[in-house]
Amino acid sequence: SLPSAVSALLLALVFALAVVEAGMTLAYSGDSTRFGLPATRSDQRLIAYLETHHLTRFYGDYWTCYRLAFESDERLLCAVRGQYGEPQLHLMNNRYPGYERMLAATARPAYLIPVGSAEDAGFADVAAAEGLPHAGYARVVVEGYAIYYSP
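As the structure is a computational prediction, the values presented were derived from the model and not from experiment. (Residues numbered from 1 in each chain as written. Predicted model: local features only at pLDDT ≥ 70, side-chain atom pairs only at ≥ 80, totals over all residues. Heavy atoms only, no water.)

1. What about the overall build of the protein chain?
For the protein chain, the count of helices and strands is 7 helices and 6 strands. Taken from N to C terminus, the helices and strands of the protein chain fall in the order α-α-α-β-α-β-β-α-β-α-α-β-β. At 24 Å, the protein chain has a C-alpha radius of gyration far larger than the 15 Å of a compact globule built from 151 residues. Viewed in the frame of its principal axes, the protein chain has a C-alpha envelope of about 85 × 25 × 25 Å. For the protein chain, the residues scored as buried account for 34% of the 151 residues in total. Pairs at least 24 apart in sequence give 56% of the contacts found in the protein chain among residues at least 6 apart. (Helix = DSSP H or I, 4+ residues; strand = E, 2+ residues; numbered from the N terminus. Rg over C-alpha atoms; globule rule 2.2 N^0.38 Å. Buried < 20%, exposed > 50% of the residue type's maximum accessible area, 1.4 Å probe, protein only. Contact = heavy atoms within 4.5 Å.)

See the structure below:
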């Protein structure tokens, strides 16, 4: 019947328009020049420092680790060591076990610790209590982080 055919045609037209619009939306939203956020200048300087000094494997806090791994296209890798309350550097909240294994295999990993934190103030004692390599490490401050590393 004619009403059924018109209804089917309209339904097919609506579906086709929905598919076209969905494709246009995906193409538009995928434009990283318009919607992508570049790394902050601070993160760019921190990444540059770490790469220049070959500090590509380190421990740090959750947000710093995963942000720097992402922003560096995984040229920098880290595992999360953090604290709740008392100063400590326990492994915690590692979402990717591969990073944790890589860091465990690194003889003298670096540590990125927020400047002025309890872990920064007592780094040698906190690292010794956790049985982590730390003897002979140098400390440099870059973009709000104390970077402890083996020179």
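2. As for the environment of Pro97
You can see Pro97 is positioned in helix 5 (residues 97–104). Spatially, the C-alpha atom of Pro97 lies 8.6 Å from that of Ala79, the residues being 18 residues apart in sequence.

3. Things to note about the state of the cysteines
Note on terminology: a disulfide is the covalent bond linking the sulfur atoms of two cysteines. Evaluated as defined, the whole model comprises 1 disulfide. The disulfide partner of Cys65 is Cys78, and the S-S distance across this bridge is 2.4 Å. Taken as a pair, Cys65 in helix 4 (residues 62–71) and Cys78 in strand 2 (residues 77–82) lie far apart in primary sequence, 13 residues in all. Take Cys65: its relative accessible area is 0%, and that puts it in the buried class. (Disulfide = S-S within 2.5 Å.)

4. Some remarks on the pairing of strand 1 (residues 57–60)
Relative to strand 2, strand 1 is paired through 4 bridges, and the arrangement is parallel. Within the sheet, the bridge partner assigned to Gly60 lies in strand 2 and is Val80. Read as a crossover between parallel neighbours, the route from strand 1 over helix 4 to strand 2 is right-handed. In terms of strand pairing, strand 1 meets strand 4 (residues 110–114) through 2 bridges, oriented parallel. Bridge pairing in strand 4 places Tyr59 opposite Tyr111. (Pairing = 2+ DSSP bridges. Right-handed = clockwise from strand over helix to strand, strands pointing away.)

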